[in-house]
Amino acid sequence: MRSVAAWWQTGVIYQIYPRSFQDSNGDGIGDLPGVLARLDYLSGLGIDAIWLSPIYPSPMADFGYDVSDYTGIDPIFGHLADFERLVAEAHRRSLKVILDFVPNHTSDRHPWFLESRRSRTSPKRDWFVWRDPGLDGGPPNNWLSEFGGPAWTFDPTTGQYYYHAYLAAQPDLNWRNADVRAAMHDVMRFWLDRGVDGFRIDTVHHLVEDAAFRGNPPNPAWHPGLPPTLALERRHTIDQPEVHEILAGFRRLADAYDARVLIGEAYLPLDRLMAYYGAELAGVQLPFNFHLIGAVWRAPVLAELIRRYEALLPAGAWPNWVLGNHDRSRVASRLGPAQARAAAMLLLSLRGTPTLYYGDEIGLSDVPIPPERVQDPWGKNVPGFGLGRDPVRTPMPWDGTVNAGFSAGEPWLPLNPDWPTRNIAAQEREPGSMLALYRKLIALRRSEPALSVGDYGAIEAEGSALRYERVAEGARVEICLNLGDEPIELVRPRDATHIVLSTFLDRNGESVAGPLRLRPAEGVVLACARQP
Ligand code: NOJ
Ligand code: CA
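Residues numbered from 1 in each chain as written. Chains lettered and ligands numbered in written order. Predicted model: local features only at pLDDT ≥ 70, side-chain atom pairs only at ≥ 80, totals over all residues. Heavy atoms only, no water.

Colleague: How do you make sense of the site of ligand 1 when you look at a structure like this?
Modeller: Around ligand 1 lies a shell formed by Asp62, Tyr65, His105, Phe147, Tyr166, Arg200, Asp202, Glu265, His326, Asp327, Arg389 and Arg393. Asp62 is positioned such that a nitrogen or oxygen atom in its side chain is 2.6 Å from an oxygen atom of ligand 1. When the free accessible area of ligand 1 is taken as 300 Å², the share hidden by the protein chains comes to 97%. In terms of residue class, the shell around ligand 1 is built from three nonpolar, two polar and seven charged. (Near = heavy atom within 4 Å. Polar contact = N/O pair within 3.5 Å; in protein donor to acceptor, adjacent residues only side chain to side chain. Areas by Shrake-Rupley, 256 points an atom, 1.4 Å probe, with all protein chains shown as cover. Nonpolar A, V, L, I, M, F, W, Y, C, P; charged D, E, K, R; others polar.)

Here it is as C-alpha cells:
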C-alpha cells in the first residue's frame, strides 16, 4: 500500500514574479495586494501552491535577490499586513504559499554587512567572507562572479576584499560562522510561524566556498564565444561538501513544523544534484530539476534524460520537473508555440512535482526589451551574450484594457507586443487556448492518481514520438507526444481505449481502435483498459 502522498508531491507549484504579476497602486510594479486580487484566478487554474520570488526590503540591485531585511516586506510590494492577508486568503482557498529564501548573500546595504565592513574587529566581521589582497595587491584569488568580473571587491576602509558570488552589491554570508546560521534559522522561523508553507532556497550550491581559497582551474570547454564568466571551472566555489550539513539544518528546522517543503535551487549535473536530497533524504525535499530547460527537443534525448533522472533518484526521493523560470528563456520562445503545448503535457504528465512559471500558461514568449529599458544587471554587466533576463520577466497580460489590466501606470518592463490578443481574458473565452489546455492538464493530473502519484514506465521511442505510461493501482494511462513537425502514425498503444486529452483539445474522448495518428507537435493522454 502506498503511503499517503504529501501536498508538495501531488501538487502543482506556480511561480509568481511579484514585480510583474499585478500592480494595485498604479506605480507600474506588481505588489502583494495585486497577487491577492488574483488568487481566484490561481485557484481556478487548479494549482496547489504559489512560490513568490523575493518580496523583502531590497535596494533592488538584483530585483529582490539582494535582501536588506529578511523579516520585512519591501514597501514596493506592500506591508507585512498585506502578506499576512495573502497567506490567510491563499489558505482559505487551499493554496499553499512558498517564499523565496536567499541565504547565500545579503544586500550590501543589509545592517549586518554595514556593521561587518566597519572594521576588522567588528563583531560581525566574520559574518561575511573577507580576505587580504593577493601578493600583487589584487584580489585574493581568481574566483569570478556569476554576474561578470572578479568575485572580490576591495573595501578601502579596512583594506580587505569581500567575496560575492553574484554582484558586488550581494556580499556572500559566511556559512561557517555559527552566528550566521543561528540568525538565518531565526529568519526561517519568523516566516514559518506566520504560516508560510515552505521555501524555495536560492542558489544552494553556492553556500560554501573552499576553506583554503584555492584558485579555480580553467574551464577546458570555454571559448571566446562563451561569456567570460564561464572561463573557469567552479571547482572550489560551488557544490562543496559542507553545503549538505547546512541544508540538513534547514530541514530539521522545517520538519519541526507540519507539512512544510524545502526546494533547492541548484544548476548542477544530475548526478551532483541528487546529493541535495541529503543523506537519508534529510536535505531538501525537492532539489529543482532544470534539465528540461536546456534539453534538445528530440524524443530520444528526452527519453534518455527521463530514464537517467529516474535511475539516479535515491530510494524514496520524490522527483520534480521545471520548464521555465525568471532566469531562463521562456518555453514558448525556446520551442515555438506548437511544441510549447506538447511541453505543457510533458511537464504535467511526468512523475514528480511540476513547477509552472507565470505567463507560460498563455504561451507568453520572451519580450524584446529596447536598450533604454533594460533593467537586469546580468545583461548589463556581461553584454553581448543575451544573458539579460528582462525578456522573461514582463508583466502578466490580464485583459484587453489599458496596460493589459496589469497596471494603471506605465509598467516597469514593456508588455508582450501581442498582449491585445494574448492575454488571460482572451484565452478564457477561447476553448482551444493554451490556458484551456493548462486547466485541463492540471485538472486531469488532480483527478487521475496514475498521473499524480503513479509509477513511470518508458515505452520504446519511435521516431519523433516520446511515449511513456503512468500506472497506479490498476489504472494505466499512456502519453504519446509527437515532438516532430511531421504527422506520424503509431501502432495502437497497448490496451488504449480512448483519448482523454489531446494538446489540440479537439479529440478528447475519441476512441482508439487502430493505429494512432498524431499531428505535428500533438500530444495525447490515452486511457487504457484497467489492469487485472
Ligand atoms: C538565482 C536567482 O534565481 C536569480 O534570479 C538571482 O539573480 C541569483 N540566484 C542570485 O540571487
Ligand atoms: Ca505597485
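Colleague: Explain the nonpolar core to me, please; I cannot follow it from the model alone.
Modeller: It is characteristic of soluble globular proteins that their nonpolar side chains tend to be buried jointly. In terms of nonpolar packing, the biggest core is built from 142 residues, with Tyr14, Leu52 and Phe83 touching the most fellow members. Built from parts of two domains, this core gets at least three residues from each of domain 1 (7-107 + 175-209 + 236-441) and domain 2 (455-528). Counting 15 residues, the second largest nonpolar core, distinct from the first, contains Trp143, Ala151, Tyr163 and Ala169. (Core = buried A, V, L, I, M, F, W, Y, C linked by side-chain atoms within 4.5 Å. Buried < 20%, exposed > 50% of the residue type's maximum accessible area, 1.4 Å probe, protein only. Domains from an automatic or database assignment.)

Colleague: Can you help me understand the coordination of the calcium ion (ligand 2) in this one?
Modeller: Reference values for angles at a metal are 109.5 degrees in the four-donor tetrahedral case and 90 or 180 degrees in the six-donor octahedral case. Surrounding the calcium ion (ligand 2) are the protein donor atoms Asp23 (OD), Asn25 (OD1), Asp27 (OD), Ile29 (O) and Asp31 (OD), which sit 2.3 to 2.4 Å from the metal. In terms of primary sequence, the donors binding the calcium ion (ligand 2) are separated according to D-x1-N-x1-D-x1-I-x1-D. With relative accessibility at 12%, the residue Ile29 sits in the buried group. (Donors = N, O, S within 2.8 Å, 3.2 Å for Na, K, Ca; no water.)

Colleague: Is there a simple way to think about the pairing of strand β2 (residues 49-52) in this case?
Modeller: Side chains Ala49 and Trp51 of β2 all project onto a buried face; the interleaved residues Ile50 and Leu52 project onto the opposite face, where all are buried too. Summarising the sheet, strand β1 (residues 13-16) and β2 pair through four bridges and their orientation is parallel. Paired with Gln15 across the strands is Trp51, a residue of β2. Both β2 and strand β3 (residues 96-101) contribute to a ladder of four bridges, which runs parallel. Bridge pairing in β3 places Ile50 opposite Val97. Note that the unit made of β2, helix α4 (residues 80-92) and β3 has a crossover that is right-handed. (Helix = DSSP H or I, 4+ residues; strand = E, 2+ residues; numbered from the N terminus. Pairing = 2+ DSSP bridges. Right-handed = clockwise from strand over helix to strand, strands pointing away.)

Colleague: Help me understand the packing of aromatic side chains, please; the structure alone is not making it clear to me.
Modeller: Geometrically, a pair of aromatic rings is defined through the distance of the ring centres and the angle of the planes. Considering all chains together, one arrives at 32 aromatic pairs under this definition. Considering the side-chain rings of Trp175 and Phe250, the 5.5 Å spacing of their centres and the 80° angle between planes classify their relative orientation as edge-to-face. Of this pair, Trp175 sits in the loop between β6 (160-163) and α6 (178-193) while Phe250 is found in helix α7 (residues 243-255), placing the two residues 75 residues apart along the sequence. According to the relative accessible area criterion, Trp175 is buried, its value standing at 1%. One aromatic cluster is present, formed by Tyr14, Phe21, Tyr41, Tyr357, Tyr358 and Trp398 through successive ring pairs. Cation over ring: Arg19 sits above Trp412, and NZ or CZ is 4.2 Å from the ring centre. (Phe/Tyr/Trp six-rings, centres within 6.5 Å; stacked < 30°, edge-to-face > 60°. Lys NZ or Arg CZ within 6 Å of the ring centre and 35° of its normal.)

Colleague: So what exactly am I meant to see when it comes to the packing of helix α12 (residues 337-349) against helix α15 (residues 434-447) here?
Modeller: The geometry of a pair of packed helices is captured by two quantities: the angle between their axes and the separation between those axes. Closest axis-to-axis distance for the α12/α15 pair is 10 Å, and the angle between their directions is 15°. Classed by the angle they form, the pair α12 and α15 counts as roughly parallel. Crossing of α12 over α15 shows right-handed handedness. Contact residues: Ala340, Arg341, Ala344, Met345, Leu347, Leu348 and Ser349 in α12; Met434, Leu437, Tyr438, Leu441, Ile442 and Arg445 in α15. Residue classes in the contact of α12 with α15 are distributed as 10 nonpolar, one polar and two charged. (Axes fitted to C-alpha atoms, helices over the stretch in contact; angles between N-to-C directions. Parallel < 35°, antiparallel > 145°, perpendicular 65-115°, else oblique. Left-handed = near helix turned anticlockwise from the far one by under 90°. Contact = heavy atoms within 4.5 Å.)

Colleague: So what exactly am I meant to see when it comes to α7 here?
Modeller: What sets the pattern is the α-helix's 3.6 residues per turn: residues three or four places apart point alike. Helix length check: α7 (13 residues) gives 18 Å between terminal C-alpha atoms against 18 Å at 1.5 Å per residue, within 8%. Tucked inside the fold, the buried residues of α7 contact β3, α6, β7 (198-201) and β8 (261-264). (Expected span 1.5 Å × (residues − 1).)

Colleague: Whenever I open this one, the pattern of salt bridges confuses me. Can you help?
Modeller: The final tally for this structure, using the stated rule, is 38 salt bridges. For Asp82, the salt bridge is made with Arg85, and the minimal N-O distance between the two is 3.5 Å. Remark: Arg85 and Asp82 occur in helix α4; sequence separation between them is three residues, near one turn of the helix. The exposure class of Asp82 is buried, given its relative accessible area of 13%. Taken together, the shared-partner salt bridges in this structure form one network comprising Asp62, Asp327, Asp376, Arg389 and Arg393. (Salt bridge = Lys/Arg side-chain N within 4 Å of Asp/Glu carboxyl O.)

Colleague: I keep staring at the packing of α6 against α7 and nothing clicks. Help me out?
Modeller: Contact pair α6 / α7: the axes reach a minimum separation of 10 Å and the direction vectors enclose 35°. Considering only the axes of α6 and α7, their crossing is right-handed. Of α7, the residues touching α6 (which contributes Arg181, His185, Met188, Arg189 and Leu192) are Glu245, Ile246, Gly249, Phe250, Leu253 and Ala254. Looking at side-chain class alone, the contact of α6 with α7 contains six nonpolar, two polar and three charged residues.

Colleague: Is there a simple way to think about the sheet that holds strand β11 (residues 353-357) in this case?
Modeller: Backbone-to-backbone hydrogen bonds pair the strands of a sheet. The strands run either parallel or antiparallel. Across the sheet, which stays open at both edges, the eight strands sit in the order β9-β8-β7-β3-β2-β1-β11-β10 with parallel pairing between neighbours. Lying at the two open borders of the sheet, with one neighbouring strand each, are β9 (286-287) and β10 (320-322). In this structure, β3 lies alongside β7, joined through four bridges in parallel fashion. Across the sheet, residue Phe101 finds its bridge partner in β7, namely Ile201. Across the sheet, α4 lies against β2 and β3, angled at about 140° from β3, the strand it touches most.

Colleague: Can you help me understand the domain arrangement of the protein in this one?
Modeller: A common way to state how big an interface is: give the accessible area lost once the parts meet. Per the domain assignment, the segments making up the protein are domain 1 (7-107 + 175-209 + 236-441) and domain 2 (455-528). Distance between the C-alpha centres of domain 1 and domain 2: 30 Å. Taken residue by residue, the interface counts 24 residues in domain 1 and 23 residues in domain 2. Summing the contributions of domain 1 and of domain 2, the shared interface buries around 1700 Å²; its carbon and sulfur component is 73%. By the criterion of area lost to domain 2, the three top residues of domain 1 are Ala299, Met345 and Ser349, representing 29% of everything that side buries. Across the contact surface, domain 1 and domain 2 share six residue pairs in polar contact (both at pLDDT 80 or more). Of all elements in the fold, only α10 (299-312), α12 and α15 reach the threshold of two or more residues within the side of domain 1 that touches domain 2. With seven residues, α12 is the single largest residue contributor to the side of domain 1 that touches domain 2. Split into classes, the residues belonging to the side of domain 1 that touches domain 2 amount to 15 nonpolar, four polar and five charged. (Buried area = accessible area lost by both parts, 1.4 Å probe.)

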